[in-house]
Amino acid sequence: MTKFKRIRDFIAGVLMFLFALIIIIVPEVSLGIIVFILTVSMFAYGFRLLWFYFTMSRHMVGGKSTLYRAIIVLDLALFLVSAASMSRIIVLVYLIFIFVFTGVIDILRSFEAKSNGASNWRFKMITGVIIVMFAIALIVIGLFFGREDILVYGYAVSLIYSAVTRIVNAFKKTAIVYIQ
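Residues numbered from 1 in each chain as written. Predicted model: local features only at pLDDT ≥ 70, side-chain atom pairs only at ≥ 80, totals over all residues. Heavy atoms only, no water.

*Asks:* Would you explain the overall build of the protein chain in this entry?
*Replies:* Each helix and strand counted, the protein chain has six helices and zero strands in total. Secondary structure elements of the protein chain, listed N to C terminal, follow the sequence α-α-α-α-α-α. Taking all 180 residues of the protein chain together, the buried fraction comes to 34%. In the protein chain, of all internal contacts separated by at least 6 residues, the share reaching a separation of at least 24 is 68%. Summed over its atoms, the accessible surface of the protein chain is roughly 11,700 Å², and 73% of this surface lies on carbon and sulfur atoms. (Helix = DSSP H or I, 4+ residues; strand = E, 2+ residues; numbered from the N terminus. Buried < 20%, exposed > 50% of the residue type's maximum accessible area, 1.4 Å probe, protein only. Contact = heavy atoms within 4.5 Å. Areas by Shrake-Rupley, 256 points an atom, 1.4 Å probe, with all protein chains shown as cover.)

This is the structure:
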């Protein structure tokens, strides 16, 4: 990992942590802020994938998968915008499902790292399992009691956890492979 990437990850982790604190301080206004930031980032990612497809990926083997990912991300962003006007609970459950998805991806990446012989697969596995279990508990508790502030606080806690893991990974020493 380069020094620039370490600095970028550290700053992103600090900003995520500060954003989570803002969510905790004003939970009644925070849902609109969360939806705005998430939709802008999803639209930016979707259009960036489209740009990559039209400039380079269409000439590559398996380039259509980039187009499919771009269409799916843009559809999910449009769904989030339309769901924000319908119900706040739908948006919060949608946000929690995003964390479940990232936890499942962490678990799958840990299996891949284990099969490749990497030493940090346990950390990825524990992180993924914690994210999935916490998100499932939030969905069950939030929907059972019907209180959206529990889901907002849970989203903030999961954001803090993600920020802390990003900051820790920014300071973690990376292995360098030397070829002789």
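Past the structure itself, the notes keep going.
*Asks:* Could you clarify how one ought to interpret the confidence of the model for the protein chain in this entry?
*Replies:* Predicted coordinates in regions of low pLDDT should not be interpreted in detail. With 96% of its residues at a pLDDT of 70 or more, the protein chain has an overall mean of 84. Across the protein chain, the element-wise mean pLDDT spans from 82 in helix H4 (residues 88–116) up to 90 in helix H1 (residues 3–25). (pLDDT = per-residue confidence, 0-100.)

*Asks:* For this particular structure, what's the right way to read the layout of surface pockets?
*Replies:* Which parts of space are left empty comes out when a probe the size of a water molecule is rolled across the atoms. Here the largest pocket defines a volume of roughly 2,300 Å³. Lining of the largest pocket is provided by 46 residues; of these, Thr102, Asp106, Arg109, Ser162 and Arg166 occupy positions nearest its centre. Sorting the residues of the lining of the largest pocket by element identifies H1, helix H2 (27–55), helix H3 (64–86), H4, helix H5 (121–145) and helix H6 (148–171) as the ones contributing at least two each. Its residues assigned to classes, the lining of the largest pocket comprises 27 nonpolar, nine polar and ten charged. (1 Å grid on protein atoms, 1.4 Å probe; cavity = no way out; pocket = protein on both sides within 12 Å on 5 of 7 lines; lining within 4 Å. Points joined across faces, edges and corners; volume = space filled by probe spheres on them. Nonpolar A, V, L, I, M, F, W, Y, C, P; charged D, E, K, R; others polar.)

*Asks:* Teacher, can you tell me more about the packing of aromatic side chains here?
*Replies:* Two descriptors summarise a pair of aromatic rings, namely the distance from one centre to the other and the angle between the planes of the rings. Following the criterion strictly, the structure yields three aromatic pairs and no others. On the numbers, 5.5 Å between centres and 65° between planes, the contact of phenylalanine 10 with phenylalanine 171 is edge-to-face. In this pair, phenylalanine 10 is assigned in helix H1 and phenylalanine 171 in helix H6, connecting sequence segments 161 residues apart. You can call phenylalanine 10 partly exposed: its relative accessible area is 33%. (Phe/Tyr/Trp six-rings, centres within 6.5 Å; stacked < 30°, edge-to-face > 60°.)

*Asks:* Help me understand H5, please; the structure alone is not making it clear to me.
*Replies:* An α-helical turn contains 3.6 residues, so any two residues separated by three or four positions project in the same direction. The terminal C-alpha atoms of H5 lie 36 Å apart, and with 25 residues this matches the ideal 36 Å at 1.5 Å per residue to within 8%. Here H5 has its buried residues at Trp121, Met125, Thr127, Gly128, Ile131, Val132, Ala135, Leu138, Ile139 and Gly142. On the buried face of H5, the contacting elements are H4 and H6. Just downstream of H5, glycine 146 is the residue with a positive phi angle, here 70°. (Expected span 1.5 Å × (residues − 1).)

*Asks:* Would you mind going over the pattern of salt bridges with me for this structure?
*Replies:* Within this structure, the stated rule accounts for one salt bridge. Salt-bridge contacts for lysine 5 lead to aspartate 9; the nearest nitrogen and oxygen are separated by 3.4 Å. With a gap of four residues between them, lysine 5 and aspartate 9 both fall in helix H1, about one helical turn apart. With a relative accessible area of 33%, lysine 5 lands in the partly exposed category. (Salt bridge = Lys/Arg side-chain N within 4 Å of Asp/Glu carboxyl O.)

*Asks:* Got a minute to help me understand the environment of isoleucine 71 in this structure?
*Replies:* Among the secondary structure elements, isoleucine 71 is positioned in helix H3. Sequence-wise, isoleucine 71 and methionine 133 are 62 residues apart; in three dimensions their C-alpha atoms are separated by 29 Å.

*Asks:* Any chance you could explain the nonpolar core here in plain terms?
*Replies:* If you look at soluble globular proteins, the nonpolar side chains tend to sit buried side by side. Judged by nonpolar contacts, the single largest core of 29 residues is most densely connected at Ile23, Met42, Leu80, Val91, Leu95, Tyr155 and Leu159. Elements represented by at least two residues in this core include exactly H1, H2, H3, H4, H5 and H6. When sequence neighbours within four positions are dropped, the list of residues in contact with isoleucine 23 reads Ser30, Ile34, Val152, Tyr155, Ala156 and Leu159. Listed in part, the six residues of the second largest apolar core include Leu49, Leu50, Leu67 and Leu74. (Core = buried A, V, L, I, M, F, W, Y, C linked by side-chain atoms within 4.5 Å.)

*Asks:* How should H2 be read in this particular structure?
*Replies:* With 29 residues, H2 should reach 42 Å at 1.5 Å per residue; the first-to-last C-alpha distance of 42 Å fits that figure. Looking only at H2, the buried set comprises Pro27, Ser30, Leu31, Ile34, Val35, Leu38, Thr39, Met42, Gly46, Leu49, Leu50 and Tyr53. Residues of H2 that are buried in the fold lie against H1, H3, H4 and H6.

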